[in-house]
Amino acid sequence: MKFETVIGLEVHVELATKSKIFCSCSAKFGAEQNDHVCPACCGMPGMLPIVNKNVVNLGMTAGMMLNCHINRTTTFDKKSYYYPDLPCSYQTTQWFAPVAVNGLVDIETSKGKKSIRIKQIHMEEDAGKLVHDDWTNTSLVDFNRTSVPLIEIVSQPDLSSAEEVVAYLERLRSLLRFAKVSDCRMEQGSMRCDVNLSVRPEGSDQLGVRTEMKNMNSLSAIVRAIEYETARHIDAIENGTEELVQETRRWDDVKGKSFAMRNKETAGDYRYFPDPNIMPVVIDDTWYDGIKNSLPEFPEVKKARYMSEFGLGEYDADILTGSRALCDCFEGAVAECGNAKEAANWLISDCMNLLNKNQQTADQLTVNGTSLGKLIKLVTDGTIGRGNAKKILIAMFEKDLDPAKYAEENGLILSNDTGLIDKVIKEAIAADPKAVADFKGGKEKALMALFGKCMKQLKGNCDPQVLRTMLIDEINKA
Amino acid sequence: MKKIVLDDMMLTKALPTTAGSRMLEGYMSLFDAEVVERLTAAGYEMAGKAQVGEFAIDLVGETAYTGTLTENGKLTAASAKALENDTVKGVISLDVNGAPRRIAAQNGLVFVKPTYGTVSRYGTVPVACSGETVGVLARNIADCREVLSAMAGHDDKDGTMHADALCKKAADGCEKPVKKVAVIKMEADADITAELEAAKAEMVANGIEITEIEADVLSAAKTAWNILMCAELCNNVSRYDGIKFGYRTQNYTTIDELYTNSRTESFGALLKTAILFGSDVLSTKNYMAKYDKALRIRRVLAEAFGKLFADFDAVLMPACSKPAYTETDVKENPYIAFEENRYTAPASITGLPAVVAGGVQLVGPAFSEGALLDLAALLVKEGK
Ligand SMILES: [Zn+2]
């Protein structure tokens, strides 16, 4: 019998807001334990939740990027359960009227194109973190992460393989990064997912027994977990090796196996009800249109435009549209210098090299597009040489600066003093008659040696074309 | 200096805040309630705290973990005691389940429960957030009005508040004096009935038109409020788990024992019942039939009051069934507070303003507390 796998995902994404969802504490990752806490996010009585508007902005943005319907009245609800990392013993989430519903995400795999339906996107607060201290056999709780805003993206069970799941997650990551909703870094836990999986005979319209694996945070682990779990289900159905039950399982990536969690950890009634302290959030036309108008072009739309409008090749357009930061810088540079090809070159070769050297990703590019455009203009109009321009770019990675001013202050402007160039050339020729003879004898390399010596003498501040022409003229005269 | 006493639902940095529960014995808040800041800024001195019943859901404070206050077998309230001191202007009280209104009615005092969302709840121990209101218990109308004016006003830290102008107008103003009053027929004992008759006579003598009406719809308020109040309470007190602050049992080996024993040992009987009831009405099994239905009843009641206030400026009704409660009352019916609140629940569940004076209760449309206080001044023969 042939089987097919049916998979639905619940993806948690931490939102890129400065502060937490209901208080003004920093939402930044990586602080000292319990540094980003206040009475509100510690669950002390008397503090009332005030919704961070930026969280709603990003929730709406995510909804629009994933082609969802935005609920114009969206509400917050309380979900009750006891766990030491949850200070109020309830989590504020969206149960009755989530911010976005009924979306669609297009993916592409080796089997072709497919659309994955999104059931809903809801906003909620994260929980804290327990740190187990083996030395004293106690658990300590770190509340830095409590009330950090999240969205949960719930898909319909439309995925049918590990390959599709990876394509879907990568698509989500690309769209959400593009819209600056989240940095989606799985290794830091800012993107994690629960995998719901069942198996059924191919062509059947009945769903099999569903198991859930929670808190998966690496693509490779997800692939292994799906493959293992699919095989386990098929084995159970075909060979009766075990009885499948609907349950939550924990994936152990080291052992390469999934394990049933104790029933106690998963059972319970969450007793959802509307939070009376948070008035329904009403999204009026002005607010809705404001977010709609601020959405970025989808990466593939941008790519097509870069190719048609700027004449870039597909390879270059692909790299640039792989990151919102590259796109922003590229568009800023083109607006300033009007030279798309040069701007693309600078970004794809020079900037990417520097990023690699700094072990940074393209999203971490901080170079200001306008400044890069100015730098390109200085090179193309012959004010500075390419070598010196690269030095300026390195400085621009440190902090934003005006390239012309920096070049001037650091003596990087090309010399237009033909008298000085002439003098340097004459000295070089006089000092190396052999090279002159070699060149005249047809050895191209000899010219490069002379050229290098002159350039070094001029400290690089010379237009290479000018130097080359004057050098050849002088040799021919000699 | 004008002195203010706070009931123990108001969080303060200077003194412990217990909400009447052993769970919070010795709990020191890191911040002051907004009303404390406002009153201090207005020149009042915070003179101390008055004991409340555990999480303020009982009759008049008898479930405080520190013990029940009685006089000649009758239940008394710490806030009423505080007002025996002439230098105290008022007691700031959180009206969750009508206790301050019953205390006012039974002690010849005045209590104003302002319109929901006109006084900040920031820094009050949360119980039933959708209806509880910070009000003023005082000896007379003038003091009540003065202290309310100092507290009312928009606060960005409370997301359920009205605009500042509305809050201030409600507390200070009286745009529309009360001319027509509906008297709602409700059962009460002879003493309370006599007080109602006296109030009616006083109104008639002052040219106010009185109409007796039946309002059966209001009888649903009690059950609906018990559902909403207990559900919210159950959720709000779930933070007291023995982990971060408050009482922690000595008697545990597992985390579940830590939770269960800390709560079992420190919570009182009435609170436990309320928690169980609240948990039950929110369960998946009962949500639609109980909690959601109570929400719908809240809307029906708001509409019913809306219709009533198209014809009348205020309603007159009892605040309690009798002039005093005894220890026997509570012994015979431990849940008497969830019965007696049939008089107070209509204003609690709808967030409408209520004033208790002369032993009776006046309820008016939203933002009419100024007008209600003027009317109440007639009842207690207090000049403006
Ligand atoms: Zn905080």
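Residues numbered from 1 in each chain as written. Chains lettered and ligands numbered in written order. Predicted model: local features only at pLDDT ≥ 70, side-chain atom pairs only at ≥ 80, totals over all residues. Heavy atoms only, no water.

(A) Structural detail: the overall build of chain B. Looking only at helices and strands, chain B has 14 helices and 12 strands in total. By the compact-globule yardstick of 21 Å for 384 residues, chain B fits well, its C-alpha radius of gyration being 20 Å. For the C-alpha atoms alone, the extent of chain B along its principal axes is close to 70 × 50 × 45 Å. Buried residues in chain B amount to 59% of all 384 residues. Across chain B, contacts joining residues at least 24 apart in sequence account for 73% of those joining residues at least 6 apart. Roughly 14300 Å² of accessible area belongs to chain B as shown, and the carbon and sulfur atoms make up 54% of that amount. Positive and negative charge centroids in chain B, built from 41 and 51 side chains respectively, lie 3 Å apart. (Helix = DSSP H or I, 4+ residues; strand = E, 2+ residues; numbered from the N terminus. Rg over C-alpha atoms; globule rule 2.2 N^0.38 Å. Buried < 20%, exposed > 50% of the residue type's maximum accessible area, 1.4 Å probe, protein only. Contact = heavy atoms within 4.5 Å. Areas by Shrake-Rupley, 256 points an atom, 1.4 Å probe, with all protein chains shown as cover. Lys, Arg positive; Asp, Glu negative; His and termini not counted. Charge placed at Lys NZ, Arg CZ, Asp CG, Glu CD.)

(B) Layout of the interface of chain A and chain B. In this complex, chain A contributes 29 residues to the contact, which on the side of chain B involves 40 residues. For the side of chain A that touches chain B, the secondary-structure elements that each account for two or more residues are strand E4 (77-80) and strand E15 (273-274) of chain A.

(C) Looking closely at the pattern of salt bridges. Under the counting rule described, the total for this entry stands at 58 salt bridges over all chains. Here Asp313 of chain B ties to Lys176 of chain B by a salt bridge, and the two come within 3.0 Å at their closest N and O atoms. Placement of the pair is Asp313 of chain B in the loop between helix H10 (287-311) and strand E10 (314-318) and Lys176 of chain B in the loop between helix H5 (164-172) and strand E8 (180-184), with a sequence separation of 137 residues. A residue is classified by how much of its surface remains accessible, and Asp313 of chain B, at 13% relative accessible area, is buried. Through salt bridges that share partners, Glu229, Arg232, Glu242, Glu247 and Arg249 of chain A make up one connected network. (Salt bridge = Lys/Arg side-chain N within 4 Å of Asp/Glu carboxyl O.)

(D) A look at the environment of Arg139 of chain B. All names here are of chain B. With respect to the helices, strands and loops of the structure, Arg139 is situated in the loop between strand E7 (133-138) and helix H4 (141-151). Of the residues examined, Arg139 reaches a relative accessible area of 26% and is grouped as partly exposed. Between the C-alpha atom of Arg139 and that of Thr87, which follows or precedes it by 52 residues, the distance is 11 Å. At 2.6 Å, the side chain of Arg139 forms a polar contact with the backbone oxygen of Leu83. (Polar contact = N/O pair within 3.5 Å; in protein donor to acceptor, adjacent residues only side chain to side chain.)

(E) Broad picture of the packing of helix H13 (residues 418-431) of chain A against helix H16 (residues 464-477) of chain A. All names here are of chain A. Here H13 crosses H16 at 50°, and the two axes come no closer than 10 Å. Taken together, the axes of H13 and H16 lie oblique to each other. Here H13 and H16 pass one another in a crossing that is right-handed. Here Thr418, Ile421, Asp422, Ile425, Lys426 and Ile429 of H13 lie close against H16, whose contacting residues are Val466, Leu467, Met470, Leu471, Glu474 and Ile475. Split by residue class, the contact of H13 with H16 holds 8 nonpolar, 1 polar and 3 charged. (Axes fitted to C-alpha atoms, helices over the stretch in contact; angles between N-to-C directions. Parallel < 35°, antiparallel > 145°, perpendicular 65-115°, else oblique. Left-handed = near helix turned anticlockwise from the far one by under 90°. Nonpolar A, V, L, I, M, F, W, Y, C, P; charged D, E, K, R; others polar.)

(F) Structural detail: unusual backbone geometry. All names here are of chain A. Of note in the backbone geometry, Asn102 takes a positive phi value of approximately 55° without being a glycine. As for its position among the elements, Asn102 is in strand E6 (residues 100-109). The residue Gln359 is not glycine, and still its phi comes out positive at about 55°. Within the secondary structure layout, Gln359 lies in the loop between helix H9 (340-357) and helix H10 (369-380). The class for Gln359 is exposed, based on a relative accessible area of 75%.

(G) Structural view of the coordination of the zinc ion. Residues and elements named next belong to chain A. For the zinc ion, the protein coordination sphere consists of Cys23 (SG), Cys25 (SG), Cys38 (SG) and Cys41 (SG), at 2.3 to 2.4 Å. Between the 4 donor atoms coordinating the zinc ion, the angles at the centre fall across 100 to 114°, so the site counts as tetrahedral. Between the donor residues of the zinc ion, the gaps in sequence give the motif C-x1-C-x12-C-x2-C. Taken as a pair, Cys23 in the loop between strand E1 (3-14) and helix H1 (53-65) and Cys38 in the loop between E1 and H1 lie far apart in primary sequence, 15 residues in all. (Donors = N, O, S within 2.8 Å, 3.2 Å for Na, K, Ca; no water. Tetrahedral: all angles 85-135°; square planar, octahedral: opposite > 155°, others 65-115°.)

(H) Spotlight on H9 of chain A. Residue and element names in this part refer to chain A. Compared with the 26 Å implied by 1.5 Å per residue over 18 residues, the 25 Å span of H9 between its first and last C-alpha is a close match. Along H9, the sharpest kink reaches roughly 30°, centred on Cys351. Along H9, the residues classified as buried are Ala340, Glu342, Ala343, Ala344, Trp346, Leu347, Ile348, Asp350, Cys351, Leu354 and Leu355. Elements in contact with the buried residues of H9: helix H6 (299-310), helix H7 (314-320), helix H8 (324-337), H10 and helix H11 (386-398). (Expected span 1.5 Å × (residues − 1). Bend = angle between axes of the 7 residues up to and from the residue.)

(I) Structural context of the sheet that holds E4 of chain A. Residues and elements named next belong to chain A. Judged by pairing direction, the sheet is antiparallel, and its 3 strands sit side by side in the order E5-E4-E15 without closing on themselves. Each having just a single partner strand, strand E5 (90-93) and E15 make up the two edges of the open sheet. Taken together, the 2 bridges between E4 and E15 define a ladder with antiparallel strand orientation. Its bridge partner being in E15, Lys78 is matched across the sheet by Phe273. (Pairing = 2+ DSSP bridges.)

(J) View of the pairing of strand E8 (residues 129-133) of chain A. Residue and element names in this part refer to chain A. Pairing geometry for E8 and strand E9 (residues 138-142), over 5 bridges, is antiparallel. Bridge pairing links His132 to Ser139 in E9. In this antiparallel pair of consecutive strands, E8 and E9, the connection spans 4 residues, and Asn137 shows a positive phi of 55°.

(K) Representation of the packing of aromatic side chains within the structure. As enumerated under the stated definition, the model contains 17 aromatic pairs over all chains in all. Over the ring of Trp287 of chain A we find Lys53 of chain A, and its NZ or CZ is 4.5 Å from the ring centre. Over the ring of Tyr44 of chain B we find Lys2 of chain B, and its NZ or CZ is 4.5 Å from the ring centre. (Phe/Tyr/Trp six-rings, centres within 6.5 Å; stacked < 30°, edge-to-face > 60°. Lys NZ or Arg CZ within 6 Å of the ring centre and 35° of its normal.)

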